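Chain residues, written in single-letter form:
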Amino acid sequence: MIQLPLPLVVPETSETEFLVSDSNVRAVQHLERWATWPVMAGLLVGPRKSGRSLLARIFSAKTGGTMVDDAELASEAEIFHAWNRAQAEHKPILIVADAAPPAWTVKLPDLRSRLAATPVLTLEAPDDALIRMLLARLFERRLLVAPPNLIEWLAARIERSHLALVRVVDAIEADALERRAPSLSIRPARATLVKAGLLPDSESEA
């Protein structure tokens, strides 16, 4: 029987798993002040892999409120009734979506009007500080040893997006598993990312 190395991931379980930087601190601070909201609702928007669902779960657990994830795919009638219920019970609802209306097309007029009255909380593309923190956390969760010089090298070169960060770590993890080498370094990481099209070919000569 052939045994293949499998990626090991530490589950996200604690509040500290959501990392805060300038790119998302305003949304976090708004959530912390939920008791003062003019309506018991917030619309949390941001790119995929930005931690928006995790942040919504943390918020709902702390406040006893509810969340609607991937709201664009959910029943508009159900969101409408959940929004009204949140007001009646004074328990907040956090609606998670890629973008706010009108980028998100809402057909139900009553829901449109309620979303128009709902504050929008935005998770922006990661800044340099968050990129470094996310890289370190992603490698740690996959039980890979990433030295500080590799983190700095990657942070200076990879695309500034949450999805790109995940793709970079996925590629490096796959290579590390193939080589059975959990300790990472710049040279194999460079070759792996150039081959995967996540860095320009010019980096192979750097």
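Before any of the text, the structure's been laid out above.
Read on for an overview of the structure. (Residues numbered from 1 in each chain as written. Predicted model: local features only at pLDDT ≥ 70, side-chain atom pairs only at ≥ 80, totals over all residues. Heavy atoms only, no water.)

**Remarks on the pairing of strand β3 (residues 93–97)**
- Burial runs high along β3: five of the five residues are buried.
- Burial along β3 is two-sided: Ile93, Ile95 and Ala97 and Leu94 and Val96, pointing in opposite directions, are all buried.
- As defined by bridge partners, strand β1 (residues 41–45) adjoins β3 across five bridges and the pair is classed as parallel. When the bridges of β3 are listed, Val45 appears paired with Ala97.
- Here strand β2 (residues 66–68) pairs with β3 via three bridges, running parallel. For Thr66, the partnering residue across the bridge sits in β3 and is Ile93.
- Following the backbone out of β2, through helix α3 (residues 76–89) and into the adjacent parallel β3, one traces a crossover that is right-handed. (Buried < 20%, exposed > 50% of the residue type's maximum accessible area, 1.4 Å probe, protein only. Helix = DSSP H or I, 4+ residues; strand = E, 2+ residues; numbered from the N terminus. Pairing = 2+ DSSP bridges. Right-handed = clockwise from strand over helix to strand, strands pointing away.)

**Quick look at the pattern of salt bridges**
- Inspection of every chain in the model, using the stated rule, returns ten salt bridges.
- Close ionic contact of Glu17 with Arg137 constitutes a salt bridge, the shortest N to O distance being 3.6 Å. Highlighted residues: Glu17 in the segment before α1 (25–32) and Arg137 in helix α5 (residues 128–141), separated in sequence by 120 residues.
- Residue classification places Arg137 among the buried positions, given a relative accessible area of 16%.
- As a salt-bridge pair, Arg52 and Asp98 come within 2.8 Å of each other at their nearest N and O atoms. (Salt bridge = Lys/Arg side-chain N within 4 Å of Asp/Glu carboxyl O.)

**Examining helix α2 (residues 52–63)**
- Taking 1.5 Å as the rise per residue, α2 with twelve residues should run 16 Å; its terminal C-alpha atoms sit 16 Å apart, in good agreement.
- Among the twelve residues in α2, nine count as buried, and that is most of the element.
- Listing the buried residues of α2 in full gives Arg52, Ser53, Leu54, Leu55, Ala56, Ile58, Phe59, Ser60 and Thr63.
- As for α2, its buried residues are in contact with α1, β1, β2 and β3.
- Positive backbone phi, approximately 75 degrees, marks Gly64, located one or two places after α2. (Expected span 1.5 Å × (residues − 1). Contact = heavy atoms within 4.5 Å.)

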